[in-house]
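Single-letter residue listing:
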Amino acid sequence: MSDGIAPVDLRSDTLTRPTEAMRAAMAGAEVGDDVYGEDPTVRLLEERVAGLLGHEAALFTPTGSMANVLAVAALVAPGQEVLCEASAHIARAELGAHGAVMGVTMRTWIHERGGVDLPVLERLIAPDMGPFFVRTAAISLENTHNFAGGTVLPLATMRDVRELATGRGVAVHLDGARLWNAHVATGTPLHEYGACADTIGICLSKGLGAPVGSLVVGSADVIEEARVRRKRLGGGMRQIGILAAAGLHAIDHHVERLADDHEHARLLAEAMGTDPASVDTNIVVAHHADAPGYVARAREAGVLVSAVGPTAVRAVTHLDVTRADAERAARVLTAC
Ligand SMILES: *Cc1c(COP(=O)(O)O)cnc(C)c1O
């Protein structure tokens, strides 16, 4: 590494460390046994996030993957299918949990920016044809889309999908791990996104900077079911008010500042040879002939980025990347 200075770490927005103020909020949190439903801080967080998304209820989960698995399992019975974009997190990065653990099958469509081609989706939806074909029970959308480069799925598209799905008797799940970023980038209220889905998974441990935690959001019935499945998977936790307090602190203090991350990402895009106008939020995916070589040269010069394919390099901005860090990283990456 260069000069003994700490590297600028752009591998992921999960790398943030809790701030002093967040640690203080955690230390002072009121707690109880959450498996008994007696942790007041968890309840506060669940009510807060359900309210923000305009839904009845929410459930704290240790990870975003578990939130997605619980949500999809509530909508899709074993042997039925969920449709999603081919590079969706639920398809690529949850290690097959939906199939391996819940018996859910999956078919995918391909979209360059992680979006939706409505006529393509319309043809994919399979109605109930008795003992002959797999039935489509849900469509899963991702906003922002991680592997497509933090792209925002426009509200209008989500509304179109919702309308199509409702007309065909199909549910909608929203993987909104970074829905906060979409909200800040577009100014769209969270509840308008929430209105387009039956269930939502949303993360506190990405750009929001909490050390742990996600929520699954939906109707009271769906959340009751999710609570049972969470316990079955070994995800029933006890005095987690200390974690919920970090989430509440993040929602109070770290949402609006995501705009800084988005600005920093555009700065990096230019340096990485990508059009800044194509960067919607805090993730830059740039194409280079030799991604691992690029990553190694950047590391040598004190900037950590990751290869997400043989020719794809990803940089992610977050709470622990200052303006000065972003500028230093941009100088380094320009020379890689
Ligand atoms: C990070 C992420 C998740 C959840 O990941 P965990 O590591 O399980 O918390 C889900 N969906 C998307 C799009 C993500 O980026």
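Every value quoted in this text rests on a predicted model; they were computed, and no experiment measured them. (Residues numbered from 1 in each chain as written. Predicted model: local features only at pLDDT ≥ 70, side-chain atom pairs only at ≥ 80, totals over all residues. Heavy atoms only, no water.)

1. What about the pairing of strand β7 (residues 199-203)?
To be explicit about the condition: Only protein chains enter the area calculation, which uses a 1.4 Å probe; residues under 20% of their type maximum are buried, those over 50% are exposed, and those in between are partly exposed. In this text, helices come from DSSP runs of H or I with a minimum length of four residues, and strands from runs of E with a minimum of two, each type numbered from the N-terminal end. The rule for pairing is simple: two strands pair if DSSP sees at least two bridges between them.
Burial analysis of β7 places five of its five residues in the buried class, the great majority of the element. Side chains T199, G201 and C203 of β7 all project onto a buried face; the interleaved residues I200 and I202 project onto the opposite face, where all are buried too. Pairing of strand β6 (residues 171-176) with β7 involves four bridges; the strand directions are parallel. Along β7, the bridge assignment pairs L174 with I200.

2. Topic: the domain arrangement of the chain
Test applied: Segmentation into domains, and thus their bounds, comes from an automatic or database assignment. By definition, residues are in contact when any of their heavy atoms lie within 4.5 Å. Pairs of N or O atoms are called polar contacts if they sit within 3.5 Å, as long as, within protein, a hydrogen donor faces a hydrogen acceptor (for residues adjacent in sequence, only side-chain-to-side-chain pairs). Residues are grouped as follows: Ala, Val, Leu, Ile, Met, Phe, Trp, Tyr, Cys and Pro are nonpolar; Asp, Glu, Lys and Arg are charged; all remaining types, including Gly, are polar.
Domain parsing of the chain yields domain 1 (8-16 + 257-335) and domain 2 (31-253). Computed over C-alpha atoms only, the centres of domain 1 and domain 2 are separated by 27 Å. Counting residues at the interface gives 15 residues for domain 1 and 19 residues for domain 2. Counting the contacts that link domain 1 with domain 2 gives seven residue pairs in polar contact (both at pLDDT 80 or more). Among the elements that take part in the side of domain 1 that touches domain 2, helix α12 (residues 258-272) stands out by supplying three residues, more than any other. The residue inventory of the side of domain 1 that touches domain 2, partitioned by class, reads five nonpolar, six polar and four charged.

3. Describing the UniProt feature "domain: Aromatic amino acid beta-eliminating lyase/threonine aldolase" (unreviewed entry) in the chain
Note the cut-off: UniProt positions are given in the numbering used here, feature names are shortened, and annotations may be inferred rather than shown by experiment.
On the UniProt side, "domain: Aromatic amino acid beta-eliminating lyase/threonine aldolase" (unreviewed entry) is annotated at positions that read residues 9-287 here. Within the segment residues 9-287, helix and strand shares are 41% and 16% respectively, and the terminal C-alpha atoms sit 19 Å apart.

4. Looking at empty space enclosed by the protein
This is how the line gets drawn: Using a 1 Å grid laid over the protein atoms alone, points where a 1.4 Å probe fits but cannot get out form a cavity; open sets with protein on both sides within 12 Å along at least 5 of 7 lines form a pocket; any residue with an atom within 4 Å of a point counts as lining. Grid points are joined across faces, edges and corners, and a volume is the space filled by probe spheres set on the points.
All told, the structure shown has one cavity of 30 Å³ or more when counted by the stated rule. Volume-wise, the largest cavity comes out at about 40 Å³. Around the largest cavity sit C84, E85, A88, W109, G114, G115, S140, L141, E142, H145 and L153, which together line it. Of all the secondary-structure elements, those providing two or more residues to the lining of the largest cavity are β3 (81-85) and β5 (136-142). With three residues, β5 is the single largest residue contributor to the lining of the largest cavity. Looking at the lining of the largest cavity residue by residue, the classes come out as five nonpolar, four polar and two charged.

5. Quick word on the sheet that holds strand β11 (residues 306-309)
Condition: All axes here are fitted lines through C-alpha atoms, helices being fitted over the stretch that makes contact, and every angle between N-to-C directions spans 0 to 180 degrees.
Reading across from one edge, β9-β12-β11 is the order of the three strands in this open sheet, with antiparallel pairing throughout. Both outer strands of the open sheet, β9 (283-287) and β11, are each paired with one neighbouring strand and no more. Across the sheet, the mean angle separating the axes of adjacent strands is 35° when strand polarity is ignored. Here five bridges tie β9 to strand β12 (residues 312-316), and the two strands are oriented antiparallel to one another. Residue pairing for β12: H287 is matched across the bridge by A312. Across the sheet, α12 touches β9 and β12, and the angle it forms with β9 is around 5°. Contacts from helix α13 (residues 291-300) reach β11 and β12, with the element oriented near 170° to β11.

6. Comments concerning the site of the ligand
To keep it simple, the criterion reads: The rule for a residue being near a molecule or strand is that one of its heavy atoms must lie within 4 Å of it. Areas reported as accessible are Shrake-Rupley estimates using a 1.4 Å probe. Residue values count occlusion only from the protein chains shown. Criterion for pocket placement: a molecule counts as inside a cavity or pocket if more than half of its atoms are within 2 Å of its grid points.
Around the ligand lies a shell formed by T63, G64, S65, N68, H89, E94, E142, N146, D175, A177, R178 and K206. At 2.8 Å from an oxygen atom of the ligand is found a main-chain nitrogen or oxygen belonging to G64. Its free accessible area being 380 Å², the ligand has 84% of it covered by the protein chains. Most atoms of the ligand, that is more than half of them, are within 2 Å of grid points of the second largest pocket. Ranked by residues supplied to the shell around the ligand, first place goes to helix α3 (residues 64-75) with three residues. Partitioned by chemical class, the residues of the shell around the ligand number one nonpolar, six polar and five charged.

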